[in-house]
Amino acid sequence: MATHQAAGRLLQLISRNANHWTTHGRAAKPRWFSNGSSTQGPVVDPEAQSSARQRFGRMLAVLLPSSMAAVLAYGFMNPDDQPLFSAASPRQVPVSGESVVNWSATHAAHPKRYYQPENQEDVEAIVADCAATKRKLRVVGSGLSPNGVGFSDEGMMSMALLDKILWINPDTQQVRVEAGCRVQQLADALKPYGLSLQNFASIREQQIGGYTQVSAHGTGATVPPVDEQVVALKLVTPAGGVLELSADRNAELFKLARVGLGCLGVVTEVTLQAVPLQTLHEKTFVASAHKVARNHASWLRNSKHLRYMWLPFTDSVVVVQVNPTGPPAKPSKPQSLQPSNGPATAVAGEQPGASMSAYGDVEQAEQVDER
């Protein structure tokens, strides 16, 4: 009721101010001016009596109250659940019509609220606030998934700023990272220790949280998906608080949360089991579809990694076979480490001419045509 009364007073004030600009056909009221002499008298402003000024005043008298009434009506019928001048939760990024699009441009979202936490405390505060206000929240990684599992028009939270590598233990060959750490960033940090991840996808821009939560996979019949590398994780939940999960602590929930797709809570930290670094040999060739079908079983047995890429509207298939060139490197503590943004030092297992592929360190790449 008080809001409606205030709106009524505001409309009256606007109407009076608009009437001030027009005489509505009557003679303008005298205005007093000083002409520099000691005598003053009423002087009529001729500009106030012009027909153009009168028409402009009448237009304002109609448009201003109508516009304000329309704004107030829209505000009452479409209330905004956001505060006017401040964010509702910590680290909320102001958004106004922006779109979030995935890497393949197959899905997009227009979130009302977008969060970018910088630490564990931020995540806990955001989750608690959304739970208290019954607001939907989805966690997005690098947006590389071809589906929209992390997208929402309500609330989204990016873990990109939680990207630290917390510790690396060369004895147990395990590493603890924050969920926003990139796969390439982690692979680079593991190399000086003679370690690597057991499996990689075709690209390395994923965040570890999303990478494991969707159970990403690489190639190879004997290489498990990446969630099998998860040894422990930290999960922020709206009802159960912060949970530390592992095979020894809440094992049943741990198995579910390893591939939780963000449904059980927000993963903020992950412990991964690494493996000794190996140098690989990659052989790429083109074969006919008939030859691929005939040799598939033997190629699968004899290749650690095997990938096919069919060329549409042809009978040609690109075949990629990758195998180790020798025994794995022996994990050890690095002699010295440069800062992550500095130049790289010599690392265990690195060979002259080696390059990074989707599988690990590729010492030599061979390309042949076997059609």
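Since the structure is predicted, the reported quantities are computational estimates derived from the model, not experimental observations.

Cut-off values and rules
- Residues numbered from 1 in each chain as written.
- Predicted model: local features only at pLDDT ≥ 70, side-chain atom pairs only at ≥ 80, totals over all residues.
- Heavy atoms only, no water.
- Pairing = 2+ DSSP bridges.
- Helix = DSSP H or I, 4+ residues; strand = E, 2+ residues; numbered from the N terminus.
- Core = buried A, V, L, I, M, F, W, Y, C linked by side-chain atoms within 4.5 Å.
- Buried < 20%, exposed > 50% of the residue type's maximum accessible area, 1.4 Å probe, protein only.
- Contact = heavy atoms within 4.5 Å.
- Phe/Tyr/Trp six-rings, centres within 6.5 Å; stacked < 30°, edge-to-face > 60°.
- pLDDT = per-residue confidence, 0-100.

1. Some remarks on the sheet that holds strand β8 (residues 155-158)
Here is step 1: The mixed open sheet is built from four strands, whose spatial order is β3-β6-β8-β7. In the strand order of this sheet, the two ends are held by β3 (92-93) and β7 (138-140), each with one partner.
Here is step 2: With three bridges joining them, β7 and β8 adopt parallel strand pairing. Bridge pairing links Arg 138 to Met 156 in β8.

2. Focus on the nonpolar core
Here is step 1: Ranked by internal contacts, the top residues of the largest apolar core, which has 27 residues, are Leu 186, Leu 190, Ile 208, Tyr 211, Leu 233 and Leu 272.
Here is step 2: For this core, the secondary structure elements donating two or more residues are β10 (174-178), α4 (183-190), α5 (208-213), β12 (230-237), α6 (251-257) and β14 (266-273).
Here is step 3: In terms of residue count, α4 provides more of this core than any other element does, four residues in total.
Here is step 4: The residues touching Leu 190, leaving out its near neighbours within four places in the chain, are Ile 168, Val 175, Leu 195, Ser 196, Leu 197 and Ala 274.
Here is step 5: Counting residues in hydrophobic clusters, the runner-up holds eleven residues, among them Tyr 115, Val 127, Met 157 and Val 266.

3. Remarks on the packing of aromatic side chains
Here is step 1: Scanning all chains against the criterion turns up two aromatic pairs.
Here is step 2: Aromatic side chains Phe 285 and Trp 299 sit 5.5 Å apart centroid to centroid with 75° between the ring planes, which places their arrangement in the edge-to-face category. Here Phe 285 is found in strand β16 (residues 279-288), whereas its partner Trp 299 is found in helix α7 (residues 289-302), with 14 residues between them in sequence. Residues Phe 285 and Trp 299 agree in their burial class; the two are buried.
Here is step 3: A centroid spacing of 6.5 Å and a plane angle of 50° characterise the contact between Trp 299 and Tyr 308, whose relative ring orientation is tilted.
Here is step 4: Classification of Trp 299 by relative accessible area gives buried; the value is 12%.

4. With respect to the pairing of strand β9 (residues 165-169)
Here is step 1: Two strands pair when backbone bridges link them, and β9 and β10 are joined in this way by four bridges, in the antiparallel orientation. Its bridge partner lying in β10, Asn 169 is registered against Gln 174.
Here is step 2: Between β9 and β10, which pair antiparallel one after the other, the connecting turn spans four residues, and Gln 173 there sits at a positive phi close to 60°.

5. Some points on the environment of Ile 203
Here is step 1: Tracing the backbone through its elements, the reader meets Ile 203 in the loop between β11 (195-196) and α5.
Here is step 2: Taking the relative accessible area as the measure of exposure, Ile 203 reaches 27% and is therefore partly exposed.
Here is step 3: Between the C-alpha atoms of Ile 203 and Gln 184, which are 19 residues apart in sequence, the distance is 8.7 Å.
Here is step 4: What Ile 203 contacts, discounting residues up to four positions off in sequence, is Trp 103 and Leu 144.

6. A look at the environment of Leu 311
Here is step 1: Structurally, Leu 311 can be placed in the loop between β17 (305-310) and β18 (316-324).
Here is step 2: Put simply, Leu 311 and Val 286 are 25 residues apart on the chain and 9.7 Å apart in space, counted from C-alpha to C-alpha.
Here is step 3: In contact with Leu 311, other than residues within four places in its own chain, are Ser 316 and Val 318.

7. Notes on the confidence of the model for the protein
Here is step 1: For the protein, per-residue confidence averages 77 on the pLDDT scale, and 71% of positions sit at 70 or higher.
Here is step 2: In this model, residues 82-87 is a region of pLDDT below 50 whose contacts with residues beyond four sequence positions or in other chains number six contacts.

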